[in-house]
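Working through the structure, step by step
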Amino acid sequence: MHVVVNAAMSVDGKLSSRRREQIAISGPEDFDRVDQLRADSDAVMVGVGTILADDPSLTIDDPDRRAARTDRGEPENPARVVADSRIRTPPDATVLDDRAQTYLLVSEAAPPDFVEEMEDAGAYVIAAGQDRVDLTTTLAKLEGDGIDQLMVEGGGELIFGLLEEALVDDLFVYIGPKVIGGRDAPTLADGDGFIEDFPEPELADVDRVDDGVVLHWTF
Ligand SMILES: NC(=O)C1=CN([C@@H]2O[C@H](COP(=O)(O)OP(=O)(O)OC[C@H]3O[C@@H](n4cnc5c(N)ncnc54)[C@H](OP(=O)(O)O)[C@@H]3O)[C@@H](O)[C@H]2O)C=CC1
Ligand SMILES: Nc1nc(O)c(N)c(N[C@@H]2O[C@H](COP(=O)(O)O)[C@@H](O)[C@H]2O)n1
């Protein structure tokens, strides 16, 4: 499986404010780049923190890109994947609508009645990990289900979890013209942070986009 992480951050490295509400950091050209990345993916993944904060659709905006996928025999939209150990995803979350297949990655601690509720809502539930989703095992199961190209949109807790397990191949970071600040505002990689063996990606490309810049790092 090839894992591509994409995120937009402020000049000072924040994905959002301390209120954890969605903030438009990208401009139109960058959102279009993100739409193309989605269109090139078999699935788009987020953590449950992003579901609760943003209620995203994770679908493709451009109808031509959706049509090109169906012409290639692919589903109109990539599948959606949510890392959600104990099932905090609300049953009326937009990712559970019928615009795309949705996978919920859960831990063994997920309450069985919540699992049933999600399956009734049409989600495929994959469980691994005692208290928290075991990302290595669940991503391998997704690969077994035909997901070869996985795009991850955040947030910072999930991105750190993937970096910690050395699961990231490419990282695209848009840095936009905003300063958000705040010690409690989410950053690109949160979690516990590294204290040694820091991942050291290579800079593959730099592009000026909107009034900011896209950095492409490879691991
Ligand atoms: N600017 C941008 O590009 C983006 C910004 N955002 C912003 O980021 C914020 C949300 O980020 P954040 O709060 O970090 O939430 P995340 O979306 O990263 O979700 C984090 C949650 O995922 C669950 N999870 C399950 N398994 C794992 C694992 N193995 N490793 C890590 N997490 C796991 C955890 O909850 P549990 O233990 O319950 O399973 C964890 O709390 C919002 O403010 C949103 O607007 C989000 C995406 C993109
Ligand atoms: N690429 C990007 N730029 C920004 O400025 C952002 N705020 C985000 N946020 C993430 O985009 C997703 C929204 O999804 P839908 O458009 O509703 O499908 C979601 O993952 C946000 O957190 N991204």
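Position labels on residues start from 1 in each chain and follow its written sequence. Labels follow written order: the first chain is A, the first ligand is 1, and so on. Only residues with pLDDT of 70 or above have their local features reported here, since the model is predicted, and side-chain atom pairs are shown and tallied only from 80 upward, although totals for entire chains, interfaces and linings are computed over all residues.

In the nomenclature of an unreviewed UniProt entry, the protein is known as 2,5-diamino-6-(ribosylamino)-4(3H)-pyrimidinone 5'-phosphate reductase of Haloarcula taiwanensis. UniProt positions are given in the numbering used here, feature names are shortened, and annotations may be inferred rather than shown by experiment. A UniProt comment under Pathway (unreviewed entry) is attached to the protein, and it reads "Cofactor biosynthesis; riboflavin biosynthesis." Per UniProt, the protein carries the Subunit (unreviewed entry) text "Homodimer."

1. Side note on the pairing of strand 4 (residues 102–106)
In summary, the side chains of a regular strand alternate between the two faces of the sheet. Here a residue counts as buried when 20 or more other C-beta atoms sit within 10 Å of its C-beta, as exposed when there are 12 or fewer, and as partly exposed otherwise, the C-beta atoms being derived from the backbone. Counting from the N terminus, the helices are DSSP H or I runs at least four residues long and the strands are E runs at least two residues long. Where burial is concerned, most of strand 4 is hidden: five out of the five residues are buried. With burial as the criterion, each face of strand 4 is covered, one bearing Thr102, Leu104 and Val106 and the other bearing Tyr103 and Leu105. Here, a strand pair is defined by DSSP locating no fewer than two bridges between the strands. Pairing geometry for strand 3 (residues 79–83) and strand 4, over four bridges, is parallel. Looking across to strand 4, one finds that Val81 is bridged to Tyr103. Looking at chain direction, strand 4 and strand 5 (residues 124–127) are connected through four bridges and run parallel. Within the sheet, the bridge partner assigned to Leu104 lies in strand 5 and is Val125.

2. Notes on the environment of Ala123
Looking at the element boundaries, Ala123 is found in the loop between helix 4 (112–120) and strand 5. Overall, Ala123 belongs to the buried group, with 24 C-beta atoms counted inside 10 Å. Taking the C-alpha atoms as reference points, Ala123 and Leu96, 27 residues apart in sequence, are found 6.9 Å from one another. Apart from residues no more than four positions distant in its own chain, Ala123 is found in contact with Leu96, Thr102, Tyr103, Leu104 and Met118. For the purpose of contact definition, each residue receives a C-beta atom placed from its backbone, and two residues are in contact when these atoms lie within 7 Å.

3. Comments concerning the nonpolar core
In terms of nonpolar packing, the biggest core is built from 47 residues, with Met45, Val82, Leu105 and Ile159 touching the most fellow members. Once you skip the residues sitting within four places of it in the chain, Val82 turns out to touch Val46, Val48, Ile51, Thr89, Val95, Leu104 and Leu105. Core membership is restricted to buried Ala, Val, Leu, Ile, Met, Phe, Trp, Tyr and Cys residues, and these are joined into a nonpolar core through C-beta atoms within 7 Å.

4. Overview of the site of ligand 1
Whether a residue is near a molecule or strand depends on its C-beta atom, placed from the backbone, lying within 6 Å of it. Every one of the 31 residues lining ligand 1 counts as a neighbour, but Gly47, Gly49, Gly154, Gly155 and Gly161 are closest to it. Secondary-structure elements contributing two or more residues to the shell around ligand 1 are strand 1 (2–10), strand 2 (43–47), helix 2 (48–54) and helix 6 (156–164). Take the shell around ligand 1: its biggest share by element is five residues, from helix 2. Of the residues in the shell around ligand 1, the class split is twelve nonpolar, ten polar and nine charged. Throughout this entry, Asp, Glu, Lys and Arg are counted as charged residues, while Ala, Val, Leu, Ile, Met, Phe, Trp, Tyr, Cys and Pro are counted as nonpolar. The remaining residues, Gly among them, count as polar.

5. Quick word on the site of ligand 2
Among the 15 residues in the neighbourhood of ligand 2, the closest are listed as Ala8, Ile25, Ser26, Pro56 and Glu153. Of the residues that constitute the shell around ligand 2, the class distribution is eight nonpolar, five polar and two charged.

6. Considerations on the sheet that holds strand 4
Reading across from one edge, 5-4-3-2-6-1-7-9-8 is the order of the nine strands in this open sheet, with mixed pairing throughout. Strands with a single pairing partner mark the edges of an open sheet, and in this sheet they are strand 5 and strand 8 (202–209). Here the strands of the sheet are splayed against their neighbours by 20 degrees on average, with no regard to which way each runs. Pairing geometry for strand 8 and strand 9 (residues 212–218), over seven bridges, is antiparallel. Directly across from Val209, in strand 9, lies its bridge partner Gly212. Here helix 1 (residues 28–39) sits on the sheet and contacts strand 1, strand 2, strand 6 (149–152), strand 7 (170–176) and strand 8; the angle it forms with strand 1, its principal contact strand, is near 165 degrees. To get an axis, a line is fitted to the C-alpha atoms, and for a helix only the part in contact is used. The angle between two axes follows their N-to-C directions and goes from 0 to 180 degrees.

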